[in-house]
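The chain contents come next:
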Amino acid sequence: MSKYIHIREIDSTSTYLKCNYKDYDNFTFLSCDYQSDGHGRNNKKWFSNKKENLLFSILIKDEKVINNYASLSLVSAKAIIDILVEIGINNISYKWPNDVYVNDKKISGVLLEGVSFNGIIEAIIIGVGINVNSSEMDIEIKDKATSIYLESNKLFDIEILKNKFYKSFESNIENINDKKYLSYLRNNNYLLNRKVYVLKDGKKVVAKVIDINDDNSLKVNTEGEILDVYSGEVTIIND
Ligand code: BTN
């Protein structure tokens, strides 16, 4: 059974669940109106005005789901995409492993963080930020980020979108083993055929993206060799 908690203000829903995971049940969804210290990947800040966007984290303690670690980013992205499709947003694509794009701009990001004890992962926190009603993006990300409002010219009720996400996430998780989420992500793969940098044995190499594999890794071709990429940033080369 999932638990849904909403709090007005907090430093970060993900930091809170990381520090307090022992006190909360598996599948606790914690959302907020405002984060004073929200973060994204690579230690970047994740800023959002109060009540403007969707900000929440999900606590995962179920061993079976934790063992499916590699699927969680993709399942979360698929649940985000489901709500965008439902409200009529077009030109959605999935940027492996954690981002959702609309018209070439990022609309949502997912951050997975594990909490380990004695070398064993005891919990995973999935942090999700979806730009909903922002009418202006910060100057540094203006060219790279968008919101549902900017794409549709309509304001949306955050609560309704959040509940749609929760439902879709739960149903995608229930069916995690049939990998239904993969076909949409493959067919709308933002990186497909793009030239990118990936890490190979710790070194940055140039590669062309070919596909997303059944085990959720990214299939690339680097100098004629097929490589399956499991982690690390994938940077697009614009030339
Ligand atoms: C990214 O694209 O870098 C991931 C962004 C994740 C942001 C969300 S907002 C809710 C949760 N709390 C945080 O501090 N971060 C995540």
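Reading the values: the criteria
Residues numbered from 1 in each chain as written. Predicted model: local features only at pLDDT ≥ 70, side-chain atom pairs only at ≥ 80, totals over all residues. Heavy atoms only, no water. Axes fitted to C-alpha atoms, helices over the stretch in contact; angles between N-to-C directions. Helix = DSSP H or I, 4+ residues; strand = E, 2+ residues; numbered from the N terminus. Parallel < 35°, antiparallel > 145°, perpendicular 65-115°, else oblique. Left-handed = near helix turned anticlockwise from the far one by under 90°. Contact = heavy atoms within 4.5 Å. Near = heavy atom within 4 Å. Polar contact = N/O pair within 3.5 Å; in protein donor to acceptor, adjacent residues only side chain to side chain. Nonpolar A, V, L, I, M, F, W, Y, C, P; charged D, E, K, R; others polar. Phe/Tyr/Trp six-rings, centres within 6.5 Å; stacked < 30°, edge-to-face > 60°. Buried < 20%, exposed > 50% of the residue type's maximum accessible area, 1.4 Å probe, protein only. Core = buried A, V, L, I, M, F, W, Y, C linked by side-chain atoms within 4.5 Å. Domains from an automatic or database assignment.

S.K.: Teacher, can you tell me more about the packing of helix 3 (residues 69-86) against helix 5 (residues 158-174) here?
M.R.: Any two packed helices are characterised by how steeply their axes cross, that is the angle between the axes, and by the distance between the axes. The N-to-C vectors of helix 3 and helix 5 enclose an angle of 135°; their axes lie 9 Å apart at closest approach. One finds that helix 3 runs oblique with respect to helix 5. Helix-helix and strand crossings are classified by hand; for helix 3 and helix 5 the assignment is right-handed. Residues Leu72, Val75, Ser76, Lys78, Ala79, Ile80, Asp82, Ile83 and Glu86 of helix 3 form the contact with helix 5, whose own contacting residues are Leu161, Lys164, Phe165, Ser168, Phe169, Asn172 and Ile173.

S.K.: Explanation requested: the site of the ligand in the structure shown.
M.R.: Taken together, the neighbourhood of the ligand is formed by 20 residues, with Ser12, Gln35, His39, Arg41 and Lys106 sitting nearest. In the environment of the ligand, a nitrogen atom lies 3.3 Å from a nitrogen or oxygen atom belonging to the side chain of threonine 13. Elements represented by at least two residues in the shell around the ligand include exactly helix 1 (13-20), strand 3 (54-60), strand 6 (105-117) and strand 7 (120-130). Of all the elements, strand 6 adds the most residues to the shell around the ligand, at 4 residues. When its residues are assigned to classes, the shell around the ligand shows 6 nonpolar, 11 polar and 3 charged.

S.K.: I tried to follow the environment of valine 110 on my own but got confused; where do I start?
M.R.: Topologically, valine 110 is positioned in strand 6. A C-alpha to C-alpha distance of 9.2 Å links valine 110 and leucine 74, two positions 36 residues apart in sequence.

S.K.: Looking at this structure, how should I read the packing of aromatic side chains?
M.R.: For any pair of aromatic rings, the description consists of the separation of the ring centres together with the inter-plane angle of the planes. Counted under the stated rule, the structure contains 11 aromatic pairs. Centre to centre, the rings of phenylalanine 29 and tyrosine 166 are 4.2 Å apart; their planes meet at 50°, and the pair counts as tilted. Separated by 137 residues along the polypeptide, phenylalanine 29 in strand 2 (residues 28-35) and tyrosine 166 in helix 5 bring together distant segments of the chain. When its relative accessible area of 0% is taken as the criterion, phenylalanine 29 is described as buried. For tyrosine 166, a relative accessible area of 3% puts it in the buried group.

S.K.: For this particular structure, what's the right way to read the nonpolar core?
M.R.: General note: in soluble globular proteins, nonpolar side chains tend to be found buried as a group. Grouped together as the largest cluster of nonpolar side chains are 58 residues, with contacts concentrated most on Ile126, Ile148, Phe165 and Phe169. Per-element accounting of this core gives the leading share, 9 residues, to helix 3. When we break this core down by domain, the ones giving at least three residues each are domain 1 (3-187) and domain 2 (195-236). Excluding residues that lie within four positions of it along the chain, phenylalanine 169 makes contacts with Phe27, Phe29, Ile58, Ile60, Val75, Ser76, Ala79 and Ile126. Tyr21, Cys32, Trp46 and Ile125 belong to the second-largest nonpolar core, a separate cluster that totals 11 residues.

S.K.: Can you walk me through unusual backbone geometry in this structure?
M.R.: Residues tryptophan 96 and proline 97 are joined by a peptide bond in cis, for which omega reads -5°. Checked against the element boundaries, proline 97 lands in the loop between strand 4 (92-95) and strand 5 (99-102). Here the phi dihedral of lysine 51 falls at roughly 60°; this positive angle occurs in a residue that is not glycine. As for its position among the elements, lysine 51 is in the loop between strand 2 and strand 3. A positive phi angle, close to 65°, is found at asparagine 193, a residue other than glycine. Of note, asparagine 193 is situated in the loop between helix 6 (181-187) and strand 8 (195-200). For asparagine 193, a relative accessible area of 51% translates into the label exposed.

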